Amino acid sequence: MRSLARKSVLPLTLVIVGAAAVVGYAAEESHPSRTTGSHTGHGKSGASSEEPQDQDPSASAPPKNGNAYTPRRTEENARIGAVFEKDDHGSHFCTASVVQSPGRNMLITAAHCAFDADAGKPVNDLVFAPDYRNGDEPTGLWKISKVVVDDRWAKSQDEDLDVAFLVLDAKQGKEIQDVLGGNTLGIDRGFDNQVKITGYPTSRDTPISCQNRTTKFSDTQMRIQCTDFEGGTSGSPWLADYDPKSHTGTVIGILGGHEGGGDEDDVSYASYFDEDIANLYQRAQDED
């Protein structure tokens, strides 16, 4: 992706706070490789490569920082899922996660996952499969009814604004946050944070996770080293400060931004969450 003009970062601190529902998960599952994907996209959306080494995070020695592993099913991981077009009969091509909102019906992902830049409009037939594993969808598919991106990203694909908020339809009278809880949104958290990233490579039907510290790539971009974050992981949340008592963490970034998240599987990027992202989040609430 060609280099685009940078914006200055405006100081702002924002954490959106709310209650989270508890969903019980425990067992590790198998993970056959998915080898084909029909969705071709931007950055780390839609392409497939090799499967990462499987590691069990419940072992006595945790995975080394920067190494991908297959996470267990937990309430923390349950609110992260795969994004499909129309239904789950094709390949998943991006990742999204539940973020707390007054409407209790919102996801966060990369803008390039949900907005067709060539057509100049949002993709209108997306569905979300939280905690998707090997075709199993514990809470089913959730239809995405609205895509909200910054107008500047829509017009020029400004990599500093590669963030989208997605509004979901209710399912059986419940909003997704009522079922799975949600993470808070962290604005202006700085460039040095210990985070966990979880995403869905298109080549797999199970997610991968990785822990490491973020670094500063530019005034408007963060960088992290994590193995095997290939096509399909665009939109993966960068989660800090997960609290097992409240069952919430803080999303401080989304895999995307520079080069659509990066052109190497082992190095990923995220647009820095500044006032522009706070304003976009507010706009998504206002349009809900």
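The paragraphs below set out a description of the structure included in this document. Since the model is a prediction, treat every value here as computed from it, not as a measurement. (Residues numbered from 1 in each chain as written. Predicted model: local features only at pLDDT ≥ 70, side-chain atom pairs only at ≥ 80, totals over all residues. Heavy atoms only, no water.)

In the case of a regular strand, side chains alternate between the two sheet surfaces. Counting buried residues along strand β16 (residues 248-254), seven of its seven residues qualify, which places the element largely inside the surrounding structure. Both strand β10 (residues 184-187) and β16 contribute to a ladder of two bridges, which runs parallel. Its bridge partner lying in β16, T184 is registered against T250. The pairing of strand β15 (residues 237-243) with β16 spans five bridges and is classified as antiparallel. When the sheet's bridge partners are listed, P237 is paired in β16 with I254. Linking β15 back to β16 in an antiparallel pair, the connection comprises four residues, with H247 at a positive phi of about 60°. (Buried < 20%, exposed > 50% of the residue type's maximum accessible area, 1.4 Å probe, protein only. Helix = DSSP H or I, 4+ residues; strand = E, 2+ residues; numbered from the N terminus. Pairing = 2+ DSSP bridges.)

Our next topic: the sheet that holds strand β17 (residues 267-271). One open sheet holds the three strands; their spatial order is β13-β14-β17, and the pairing between them is antiparallel. A strand with exactly one partner marks an edge of an open sheet, and here the two such strands are β13 (215-218) and β17. Each neighbouring strand pair of the sheet contributes to a mean axis angle of 35°, computed without reference to strand direction. (Axes fitted to C-alpha atoms, helices over the stretch in contact; angles between N-to-C directions.)

Given two aromatic rings, one states the distance between the centres and the angle between the planes to describe the pair. This structure, assessed with the given rule, holds five aromatic pairs. Measuring from ring centre to ring centre gives 6.0 Å for F115 and W153, while their planes differ by 90°; the resulting arrangement is edge-to-face. Here W153 lies in helix α3 (residues 151-156) and F115 lies in strand β5 (residues 115-116), a separation of 38 residues in the sequence. Residue F115 is classed as buried on the basis of its relative accessible area of 9%. Owing to a relative accessible area of 3%, W153 belongs among the buried residues under this scheme. (Phe/Tyr/Trp six-rings, centres within 6.5 Å; stacked < 30°, edge-to-face > 60°.)

Let us look at the sheet that holds strand β9 (residues 164-168). If you walk around this closed barrel you meet the six strands as β2-β3-β4-β9-β8-β7, and the pairing is antiparallel. Strand-to-strand twist in this sheet, taken as the mean axis angle between neighbours without regard to direction, amounts to 40°. Taken together, the three bridges between strand β3 (residues 94-99) and strand β4 (residues 106-109) define a ladder with antiparallel strand orientation. Paired with V98 across the bridge in β4 is L107.

Bringing the state of the cysteines into the picture now. On inspection of all chains with the given rule, the structure shows two disulfides. Put simply, C94 and C113 are joined by a disulfide, and their sulfur atoms are 2.1 Å apart. Looking along the S-S bond of the C94-C113 disulfide, the torsion reads about -80°, which is the left-handed sense. Here C113 lies in helix α2 (residues 111-114) and C94 lies in strand β3, a separation of 19 residues in the sequence. Of the residues examined, C113 reaches a relative accessible area of 4% and is grouped as buried. With a sulfur-sulfur separation of 2.1 Å, C210 is cross-linked through a disulfide to C226. In this structure the cystine formed by C210 and C226 twists about its S-S bond by roughly -85°; its chirality is therefore left-handed. Placement of C210 in strand β12 (residues 208-213) and of C226 in the loop between β14 (221-225) and β15 is noted, with a sequence separation of 16 residues between them. By relative accessible area, which is 0% here, C210 ends up buried. (Disulfide = S-S within 2.5 Å.)

If you walk through the whole model with that rule in mind, you get twelve salt bridges. The shortest N-O distance in the salt bridge between R73 and D136 comes to 3.0 Å. Taken together, the residues R73 in the loop between β1 (14-15) and α1 (75-78) and D136 in the loop between β7 (126-130) and β8 (142-149) connect sequence positions 63 residues apart. The partner of D150 in a salt bridge is R152, with the nearest N and O atoms 3.0 Å apart. Residues participating in the shared-partner salt-bridge network are R73, D131, R133 and D136. (Salt bridge = Lys/Arg side-chain N within 4 Å of Asp/Glu carboxyl O.)

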